[in-house]
Amino acid sequence: QLQSKILILTICAAGIGGTFQYGYNISIINAPTSYIQTFMNETWLERTGVPLESNMILLLWSFTVSAYPLGGLTGAVVAGPMAIMLGRKMSLLLNNVFVIIAAVLSGFSRMAKSFEMIMLSRFFTGVNAGVSMNIQPMYLAESAPKKLRGAVALTSASFTALGLVLGQVVGLRELLGGEESWPFLLASNVVPALIQLTALPWFPESPRYLLIDRGDKESCISALQKLRGDSDLSAELEEMLAEQAAVKGQRAKNPWELFKNPALRWQLTSIVVLSSAMQLCGNDSMYFYAAYVFREAGIPQDKIPYVVIGTGSCELITSVTCNMIIDYAGRKPLLLGGYIFMAGWAIVFMVALSQQTQISWMPYLSMACIFAYILSFGIGPAGVTGVLPTEVFDQMSRPAAYMICGSLLWFNLFLVGTAFPFIVKSLAHFCYIPFLVVCICTALYVGFFLPETKGKSFLEISEEFKKRNFKAQNHAGFYKGPEEIKSTVL
């Protein structure tokens, strides 16, 4: 029992300062929007004597919001080298420095009368989220036993959802969402960072990293003993030594080397498709729409924040459910089901939006759609996407794969955040057509091209992809058909 306790505590210590921060920092910025815009205007008026025009305030605000994904992109790029040089655990610990800087900047921004400090703080918060989104699933999947690997790596998604919900709760007017307390709300992300700094040092480094990257067998065995207790380690150790032998003499790869390597073609295509789809499927835009749809459904303005907490809780409930079933159901059915359902709900949602004013019960249907869409996203795509890079790449390619994955994730988050208001303007009720196309294409890709990785060792998964990557070349070697056929036609 003790060792499963240690694994669970390791998951919590990594999660609270890891992907929890990503969800938390996405949602705390929504509550004080109008107060921060007022603060920008007042500060500008004090400095220059001229108030800001409304479109300038909007521009400054969009800079503040987009500083977060830009920081995330930076974080995703530095995460790879950090994971290789410092190790998984040390990177997660050092990563808290960014949040502490961010909390100091945003906490003192009103005293210093500087809205630029808020922008900077959002950038640093983004860097922190970018690093943890990449390193936490890697650390946990490498520390987990094979039969629990999916569930353990998936806790990253549960912590993101937990962060979203807690951010929405803390952002309520009764807590820290009021006009007086917004600097404290923005600085409250220092609490999870301090919890992680006190808890994580007590837990072991990733055993795979110790053995395969560092070549330190003693530390690897002691880390495994801490995580697994008295259970027999020989099979697991043998598998790691086999993987160590398979990558012997190689060094950790750079992202561009993955693109050049024909042996990684399908793995790379799969994570590029899936990590792009995760942001381009329109799930985050559902939150953007939530307040508007709830207003149309006749929910009073002051009650809307409470209903929005319901949408966050939806994602939390499904990601926890997904945790429980991923190692039984497998990765492929969850991804496939998630995207097919999302495509279905997107169609219903657009019909409901277009009939919103004509039919009295339509707003309730669109409300149901929002919840159903978020549930479908949570059950598959939200979690499984983060697990896959760990499973389909070997130890030497994994950090680079996460760099590619993370960069796409943040770039697309930035893209959707910037483009969505314009998409709504031009397509009105049919703004979900681009997302619908993404969901259908992704579902087709998963259905036809993605192999199942459930319950397989990292080496078995590599072998399966190797067959796919070299299938085309093998056929080319044996196939001498058309030339002979041509001659018979003549």
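Criteria and thresholds
Residues numbered from 1 in each chain as written. Predicted model: local features only at pLDDT ≥ 70, side-chain atom pairs only at ≥ 80, totals over all residues. Heavy atoms only, no water. UniProt positions renumbered as here; feature names shortened; annotations may be inferred. Domains from an automatic or database assignment. Contact = heavy atoms within 4.5 Å. Buried area = accessible area lost by both parts, 1.4 Å probe. Salt bridge = Lys/Arg side-chain N within 4 Å of Asp/Glu carboxyl O. Polar contact = N/O pair within 3.5 Å; in protein donor to acceptor, adjacent residues only side chain to side chain. Helix = DSSP H or I, 4+ residues; strand = E, 2+ residues; numbered from the N terminus. Nonpolar A, V, L, I, M, F, W, Y, C, P; charged D, E, K, R; others polar. Buried < 20%, exposed > 50% of the residue type's maximum accessible area, 1.4 Å probe, protein only. Patch = residues over 30% accessible without salt bridge, like charges linked within 9 Å, V, L, I, M, F, W, Y side chains within 5 Å. Areas by Shrake-Rupley, 256 points an atom, 1.4 Å probe, with all protein chains shown as cover. Axes fitted to C-alpha atoms, helices over the stretch in contact; angles between N-to-C directions. Parallel < 35°, antiparallel > 145°, perpendicular 65-115°, else oblique. Left-handed = near helix turned anticlockwise from the far one by under 90°.

An unreviewed UniProt entry lists the chain under the name GTR11 protein, with Chionis minor as the source organism. Looking at the Sequence similarities (unreviewed entry) heading of the UniProt record, one finds this comment for the chain: "Belongs to the major facilitator superfamily. Sugar transporter (TC 2.A.1.1) family." In its Subcellular location (unreviewed entry) section, UniProt records this for the chain: "Membrane".

> Outline the domain arrangement of the chain, supporting the account with residue identities and numerical values.
The domain architecture assigned to the chain consists of domain 1 (1–203) and domain 2 (253–472). Computed from C-alpha atoms alone, the centre-to-centre distance between domain 1 and domain 2 is 21 Å. The interface of domain 1 with domain 2 comprises 41 residues on the first partner and 44 residues on the second. Taken as a group, Arg149, Leu154 and Gln168 account for 18% of the area that domain 1 buries against domain 2, more than any other trio of residues on that side. Along the contact surface separating domain 1 from domain 2 lie two salt bridges. Among the ionic pairs, Arg398 bridges to Glu142, the shortest N-O distance being 2.7 Å. Where domain 1 packs against domain 2, one counts eight residue pairs in polar contact (both at pLDDT 80 or more). Where the side of domain 1 that touches domain 2 is concerned, the elements lending two or more residues are α4 (54–85), α7 (116–143) and α8 (149–170). Of the residues forming the side of domain 1 that touches domain 2, the biggest block, 14 residues, is contributed by α8. The class makeup of the residues in the side of domain 1 that touches domain 2 is 24 nonpolar, 10 polar and seven charged.

> Would you mind going over unusual backbone geometry in detail, with residue names and values included?
With a phi close to 50°, Lys113 is a non-glycine residue in the positive phi region. Here Lys113 shows up in the loop between α6 (96–107) and α7. A residue is classified by how much of its surface remains accessible, and Lys113, at 42% relative accessible area, is partly exposed.

> Please give an account of a nonpolar patch on the surface that cites residues and values.
A grouping of Met85, Leu86, Met90, Leu94, Val97 and Ile101 is seen on the molecular surface, where their side chains present a nonpolar patch of about 510 Å² in accessible area. Listing elements by their share of the nonpolar patch, those giving two or more residues are α5 (88–94) and α6. Among the structural elements, Leu86 can be located in the loop between α4 and α5. Here Leu86 falls in the partly exposed class, since its relative accessible area comes to 33%.

> Which residues make up the packing of helix α17 (residues 304–329) against helix α19 (residues 362–379), and what are the values?
At their nearest, the axes of α17 and α19 sit 8 Å apart, and the two run at 30° to each other. In terms of their interaxial angle, α17 and α19 are classed as roughly parallel. With respect to the hand of their crossing, α17 and α19 are arranged in right-handed fashion. Taking contact as the criterion, the partners of Val307, Gly310, Thr311, Cys314, Glu315, Thr318, Ser319, Thr321, Cys322 and Ile325 in α17 are, on α19, Ile370, Phe371, Ile374, Leu375, Phe377, Gly378 and Ile379. Residues belonging to the contact of α17 with α19 are distributed by class as follows: 10 nonpolar, six polar and one charged.

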